[in-house]
Structure formats: C-alpha cells, structure tokens
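Inside the fold
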Number of protein chains: 2
Amino acid sequence: MGTITIKLLAERLNLSTATISKALCDSHEISEVTKRKVLDLARELNYVPNAYAGSLRRHKSKTIAVLIPEVADSFFSLALNGIEEVALAKGYHTLIYMTHEKVEREKAILKELVGGRVDGAIISVTAETASFEHIHDFNRRLPVVFFDRVCPEIDTAQITTNDFECGYQATQHLIEAGCRKIVMLSISNSLSIISARSEGFKKAIADNNLSEADCHIIACTEDAASNYTLVKEIMSGPNRPDGIIATVEKLTTEIYLACQDLGITIPTDVKVICFSNQSSAVILNPSLTTITQPAFDMGKAAATALLKALKNNELPLADESEVIPSTLVVRNSTTGGIKN
Amino acid sequence: MGTITIKLLAERLNLSTATISKALCDSHEISEVTKRKVLDLARELNYVPNAYAGSLRRHKSKTIAVLIPEVADSFFSLALNGIEEVALAKGYHTLIYMTHEKVEREKAILKELVGGRVDGAIISVTAETASFEHIHDFNRRLPVVFFDRVCPEIDTAQITTNDFECGYQATQHLIEAGCRKIVMLSISNSLSIISARSEGFKKAIADNNLSEADCHIIACTEDAASNYTLVKEIMSGPNRPDGIIATVEKLTTEIYLACQDLGITIPTDVKVICFSNQSSAVILNPSLTTITQPAFDMGKAAATALLKALKNNELPLADESEVIPSTLVVRNSTTGGIKN
C-alpha cells in the first residue's frame with residue numbers, strides 16, 4: 001500500500017481535498033459529522049500527518065533519529081555521544097531508538113518516523129536485518145546514513161571501521177602469541193561487520209597454514225546464560241582452543257567466567273582478545289587485549305554526513321562514506337606463551 | 001513568557017483566529033502575503049504546533065519521553081530496558097534524551113516536549129538540577145514520573161531504591177571487614193540519591209563511633225582523568241583510607257587504576273565497594289563488591305505508573321511511588337582483613 005495522502009482520503013470519501021484538509025485542521029466550516037467521517041477513515045488507513053502541521057511542514061523538524069540495537073554497549077553509547085556532539089552544535093535534537101536486534105522493531109520505527117517527526121536517520125542495523133526494503137522505503141523520503149552495521153546496497157554514506165583488517169590483525173596477533181587452535185565467537189551472519197571480521201579471520205588462518213578443523217567460527221546468541229554454557233562446552237571439549245576472539249563486547253564476561261569456573265587460566269591456557277570499547281578492559285583479571293573501535297569518531301562522522309545532506313539536498317551522500325581505523329591494544333590476556 | 005497560542009498570534013497581527021489557523025494549515029483561502037506574515041511571527045515567537053496536527057491533536061501521540069543523564073552507565077541502560085519493555089507492551093514509543101548532567105539541556109528538552117510530541121515523561125534529573133520550576137512547568141501540562149534521581153517537591157510518583165539503607169549497609173560492611181578510615185566518593189550534593197547515601201554513611205560512622213576526621217565524603221567530577229588524579233592524591237596522602245565507597249559506577253575504573261599504579265593492593269591495603277550494576281564486576285581484579293540496584297525493575301515501575309496515569313487522568317500519581325530495595329553483593333574487593 002502506498003502513502004496515505006489527503007488526496008486519497010478525498011477520493012475515498014468523495015469530498016474535496018480542501019474539505020479533508022479543513023476537517024483535519026478542525027475548521028469550524030466543516031460539520032461534526034464530516035469531521036468524524038474524515039478522522040475515522042484517517043485513523044483506519046493509518047494516515048500519518050506531518051509532525052509539524054500545515055505550512056510549518058515546509059520547515060524542518062530539526063530532529064534526527066538514531067536507530068541502534070541497544071545502549072547497554074560501550075561502542076553504541078560512545079557513538080551516541082559523538083552523534084549528539086555534532087547534532088547539538090548544529091541545533092539539532094537527537095531521538096534515540098533501540099531496536100533490540102529485532103528487524104520488526106526497526107521496520108515499525110522507520111514507518112512511524114516518515115511522518116515528519118525527523119528530518120533524517122542514522123542507522124546501525126539489527127542482527128536480523130537481512131533485507132532492506134523498509135530502509136529503502138524510508139530513504140525514498142528522507143536521508144539515511146549508516147554507521148558500523150551498514151547496508152552497502154543502499155546508495156548513501158556508510159561510516160565503518162576496518163573490520164576485515166581487524167579480524168585479520170586479531171587472528172595474526174594470537175598466532176604470533178603461540179595460539180594454533182583459535183575460535184572466533186560471533187553473532188549474526190548477515191551483519192556487514194561480522195562477515196568482514198570473519199573473512200579477515202579466515203584469511204589469517206589460511207595465510208598461516210593453520211588447520212581449518214582447529215580454527216573456526218562459532219555463532220553465539222543474544223542470551224548471556226546460553227553464551228556462558230556454550231563457552232563452557234567449547235572449553236571442556238577434547239580439542240580445546242588456545243585462542244578466543246570475541247567479535248562482540250558483551251561476550252567478555254561469559255568467556256572470563258566460563259574459564260574461571262573451569263580452572264582454565266587466561267593467558268597461559270587460552271589467550272583472549274575482544275572487539276570492545278569497555279573502559280574496564282584495563283582492570284579485568286587479567287587485563288583484556290582489545291580491538292578498540294573509534295566509536296565516538298564514527299558517531300561524529302555519521303552525524304556530520306547527515307547534517308551536511310540536510311543542509312544541501314543535492315549532496316551525493318555516498319561520497320561521504322568513511323573508513324576510520326580501529327586500534328589493537330595489547331594487554332595481559334594475550335601475553336606470554338601457551339602452556340601445552 | 002506564556003505559551004504562544006493561535007489567539008496570541010491573531011491579536012498581534014490583528015487577524016481572526018480562523019485566519020491564523022487557516023494560514024498555518026496552508027489554506028488556499030489565505031493570500032500568500034498573509035501566510036508569510038503569520039509564519040514569520042509564528043517562527044519569531046517560537047510557536048510550537050502540536051506534533052499531530054489539527055483534530056488529530058485530540059488523539060494521544062502514544063509516545064513517552066525518558067530524560068536521563070547518560071546511557072553509558074549500566075544502571076540507566078538497564079532501567080531503559082525496563083521502561084521500554086512496559087511501553088512496548090502497551091503500544092507506546094519511547095524517546096530517549098540524554099541530559100549529560102546539564103540542567104540547561106533538561107530545561108530545553110522539556111520546553112520542546114510540551115508541544116505535543118509526547119504524552120508524558122519519565123525523568124532522572126541531572127546532577128546540576130537544584131531548582132525544579134522547569135519541571136513544574138512541564139508537569140502542569142503533562143504527567144511526569146521520577147525514578148532514581150527524584151524531586152520530592154513535585155507531587156507525583158517517585159520510584160526509588162533504599163539509598164539511605166544502602167549507604168549505611170555499605171559502610172557497616174566495610175567496618176565489619178576491619179576498615180576504620182573510610183571515604184565515600186560522591187558527586188553532586190543536590191541529588192536526592194547522593195544525599196540519602198551520604199546520610200546513611202554518616203549514620204553508620206556515628207553508630208560505630210568512628211572518627212569524622214578519618215571518615216568523610218569527597219566530591220568527584222564528571223571527568224575520568226581528574227577523578228583518577230583525585231583518587232591518587234587521596235591514596236598517596238598521610239592518612240590513607242583503608243576503605244572506599246564509590247556512589248557512582250564510573251568511578252570503579254579510576255579507583256582500581258589509581259591503586260594499581262600506586263602499588264596499593266585491593267583488598268589487603270584498601271577495601272572497595274561500589275554502587276554498580278556492571279556485569280563485569282565479577283571478572284575484575286579483584287572481583288568487586290557492589291550495591292546492585294534494581295535498575296530494570298525501577299524502569300518497569302516508572303513506566304507502569306506513567307502509563308496508568310495516561311489511561312486515567314484522575315489518578316493521584318504520588319500514590320504510585322515505590323521503593324525497591326537494592327542488594328549488597330559481597331565479592332573479593334572487601335574480603336580478608338586489613339594489613340596495617
């Protein structure tokens with residue numbers, strides 16, 4: 001179904017568009033009966049009026065939306081701060097929406113937002129987002145910028161970090177530290193970042209002639225308890241890994257706890273590296289080697305690109321794409337050799 | 001200045017309210033010249049049209065606002081998840097606003113929100129919020145519920161935890177573990193939660209006849225680097241504390257780092273307890289004793305109270321106030337005795 005317009009309401013009710021418009025504006029010229037008819041149909045068809053009514057519609061809402069999976073993650077909370085810094089400086093409001101990794105929520109939020117509540121959106125897609133029609137629909141009306149978890153299919157600015165290189169670098173670092181049986185703990189396969197990190201991992205394994213049977217990628221879930229059980233199973237098995245790469249920050253606690261409960265010592269029995277921006281990495285037992293992403297700068301770049309587009313409708317947003325490199329920070333969780 | 005209404009615009013321009021309304025609705029009955037005049041004045045006076053135009057104004061936006069200091073904090077991110085769970089179940093949208101501890105932002109956000117964009121707000125005030133006129137103003141039009149950092153001056157639901165008891169309990173726990181020189185690291189004095197925790201601390205110190213000279217409260221800042229320097233100074237002084245209570249989660253990293261860099265061992269030289277919901281508490285070096293707050297449940301209770309009020313305009317919201325107790329979780333950072 002296309003957009004519900006005043007014209008469509010007029011056709012359906014056999015009234016003029018002026019009457020519909022006046023009825024929606026609660027004009028005294030329109031009878032209560034007609035107003036009721038118009039409002040009932042408007043509601044039935046889910047007619048979305050612009051957030052700023054009438055002629056004010058021509059003005060901007062000076063508001064941007066940010067869609068992210070969750071805020072309880074240091075990458076996203078830092079990125080949000082970067083987005084807000086730029087938005088505030090330009091007099092824009094920022095609305096934050098959590099998708100909780102559900103594509104249905106992403107769809108519902110974007111559908112609601114086309115009504116004029118915001119001038120554009122910055123999106124990091126959910127782990128479930130495998131097709132992009134809903135984002136295309138939104139993007140036909142309002143500008144979109146992606147960051148971190150991007151949609152290369154959509155012709156716009158994509159702010160990313162060098163995920164492939166980081167996947168490679170993390171793996172290479174473990175190999176140089178003596179690891180030969182490395183697992184990468186991952187989440188959704190459809191996510192751009194995860195697939196890039198996985199490819200980097202595979203390339204490093206191949207370049208170093210390590211066995212694919214010993215070095216593989218294992219999918220985790222959204223649930224901490226089941227991830228704990230999974231890590232425990234992996235670390236109790238006959239062919240126990242001597243290196244773990246976690247592509248998601250929140251796996252850190254479960255990896256450390258599972259090892260602790262099994263009496264497996266990090267870094268002598270197994271070395272651990274995580275993609276993480278947690279400030280507590282440095283005070284963990286042992287301190288955690290991380291791939292630290294430029295979260296704040298990525299947020300800033302995404303907001304800068306979007307606000308540029310809002311200022312200049314003709315801007316080819318794809319040209320604003322940027323790759324901001326991450327940093328390997330070596331700490332105690334990957335030092336020393338491996339005890340055989 | 002009062003609210004800018006269509007009536008006021010009409011008076012100023014010496015036009016009828018019907019003309020103003022039509023001009024704002026871009027009616028073809030109104031000349032372009034008049035429309036321009038109306039729009040210019042509307043903009044100049046900062047006229048805020050309802051988010052949902054015209055008659056649709058009578059309907060609710062089905063949206064609630066949440067104002068919190070920041071999202072990069074496990075208490076607030078968990079509370080947000082609690083709020084969203086309730087809101088989603090009732091078909092409400094949640095808009096998240098970060099105040100970054102600035103009362104000016106809190107004021108600006110609330111001023112913007114009275115325009116009809118939301119049906120009500122859930123607020124945890126900033127560390128700077130010492131007077132409440134701006135919240136009163138908002139609350140005259142729309143319902144407000146407070147959680148954690150509350151405003152008892154405003155007659156509405158206040159969702160809190162037992163901060164006084166927790167301040168007392170944390171102090172008592174350190175005393176029982178052998179500490180005699182205890183500092184509480186705190187932030188804003190105007191915050192309800194901080195003053196309650198401080199009172200609990202003072203009561204425990206008095207009940208145990210400890211010296212007020214040895215046991216006191218020290219104010220920290222918003223800046224991690226200066227907090228690190230402050231903790232280092234405190235721990236390098238002649239009368240070094242043997243117990244630290246951090247009332248804010250984000251102080252954890254600085255306390256651990258400062259002790260580590262000074263060669264001070266937790267828990268033998270100093271015992272540490274934090275008000276914290278960080279899941280990483282258990283994998284720190286050493287694992288951290290915490291006062292764990294019912295963040296998720298507090299968020300749920302706040303949203304439940306607000307949505308109840310939205311359903312029933314007559315509801316005395318103050319009756320929905322609730323105190324949900326926190327839990328002391330003892331871990332290694334407070335075990336064993338104190339080395340003298």
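Cut-offs and rules
Residues numbered from 1 in each chain as written. Chains lettered and ligands numbered in written order. Predicted model: local features only at pLDDT ≥ 70, side-chain atom pairs only at ≥ 80, totals over all residues. Heavy atoms only, no water. Salt bridge = Lys/Arg side-chain N within 4 Å of Asp/Glu carboxyl O. Helix = DSSP H or I, 4+ residues; strand = E, 2+ residues; numbered from the N terminus. Buried < 20%, exposed > 50% of the residue type's maximum accessible area, 1.4 Å probe, protein only. Domains from an automatic or database assignment. Pairing = 2+ DSSP bridges. Axes fitted to C-alpha atoms, helices over the stretch in contact; angles between N-to-C directions. Contact = heavy atoms within 4.5 Å. Phe/Tyr/Trp six-rings, centres within 6.5 Å; stacked < 30°, edge-to-face > 60°. Core = buried A, V, L, I, M, F, W, Y, C linked by side-chain atoms within 4.5 Å. Expected span 1.5 Å × (residues − 1). Arc of directions from axis to C-beta.

**Description of the pattern of salt bridges**
A full pass over the atoms with the stated rule returns 36 salt bridges over all chains. Notably, a salt bridge pairs A:Lys300 with A:Glu85, separated by 3.6 Å at the nearest N-O pair. Here the residue A:Lys300 occupies a position in helix α11 (residues 295-311), and A:Glu85 occupies one in helix α4 (residues 74-89), the gap between them amounting to 215 residues. For A:Glu85, a relative accessible area of 41% corresponds to the partly exposed category. Between A:Lys202 and A:Glu199 there is a salt bridge; the shortest N-O distance is 3.5 Å. Separated by 3 residues within a single helix, A:Lys202 and A:Glu199 lie in helix α8 (residues 192-207), roughly one turn from each other. When its relative accessible area of 41% is taken as the criterion, A:Glu199 is described as partly exposed. Through salt bridges that share partners, A:Lys22, A:Glu29, B:Lys22 and B:Glu29 make up one connected network.

**Remarks on the domain arrangement of chain A**
Split by domain assignment, chain A resolves into domain 1 (6-47), domain 2 (60-161 + 295-326) and domain 3 (163-292). Put simply, the middle of domain 1 of chain A and the middle of domain 2 of chain A, counted by C-alpha atoms, are 34 Å apart.

**Focus on the sheet that holds strand β8 (residues 243-246) of chain B**
All names here are of chain B. In spatial order, the strands read β7-β6-β8-β9-β10-β12; together these 6 strands make up an open sheet with mixed pairing. Edge strands, defined here as strands with exactly one partner in the open sheet, are β7 (216-219) and β12 (327-329). Geometrically, the sheet is characterised by an average inter-axis angle of 20° between neighbouring strands, direction not taken into account. Bridge analysis of strand β6 (residues 182-186) against β7 gives 4 bridges, and the strand direction is parallel. Directly across from Ser 186, in β7, lies its bridge partner Ala 219.

**Things to note about the side chain of A:His173**
Residue and element names in this part refer to chain A. Turning to its location among the elements, His 173 is positioned in helix α7 (residues 163-176). Judged by relative accessible area, His 173 falls into the buried class, the value being 13%. Excluding its chain neighbours within four sequence positions, the residues that come into contact with His 173 are Ile 273, Thr 289, Leu 328, Val 330 and Thr 334.

**Structural notes on the packing of aromatic side chains**
Residue and element names in this part refer to chain A. Scanning all chains against the criterion turns up 6 aromatic pairs over all chains. Seen from their ring centres, Phe 75 and Phe 147 are 6.3 Å apart, and the 25° between their planes marks the pair as stacked. On the criterion of sequence distance, the pair formed by Phe 75 in helix α4 and Phe 147 in strand β4 (residues 144-147) is long-range, its members being 72 residues apart. Of the two residues, Phe 75 and Phe 147, neither departs from the other in class, the shared state being buried.

**A few points about the nonpolar core**
Formed by 103 residues in total, the largest nonpolar core has its most connected members in A:Ile135, A:Leu185, B:Ile135 and B:Leu185. In this structure, A:Leu185 is in contact with A:Ile218, A:Cys220, A:Val231, A:Ile234, A:Ile244, A:Ile245, A:Ala246, A:Thr247, A:Leu251 and A:Ile255, ignoring residues within four places of it in sequence. Residues A:Phe76, A:Leu80, A:Ala295 and B:Ala305 belong to the second largest nonpolar core, which totals 64 residues.

**What to know about helix α8 (residues 192-207) of chain B**
Residue and element names in this part refer to chain B. Along its 16 residues, α8 runs 23 Å from first to last C-alpha, staying within 8% of the 22 Å computed at 1.5 Å per residue. Within the span of α8, buried status applies to Ile 193, Ile 194, Arg 197, Ser 198, Gly 200, Phe 201, Ala 204 and Ile 205. Down the axis of α8, the sector holding all buried residues measures 160°, keeping them to one side. Residues of α8 that are buried make contact with α7 (163-176), β6, β7, β8 and β9 (271-275). Backbone geometry just downstream of α8 places Asn 209 in the positive-phi region, at approximately 55°.

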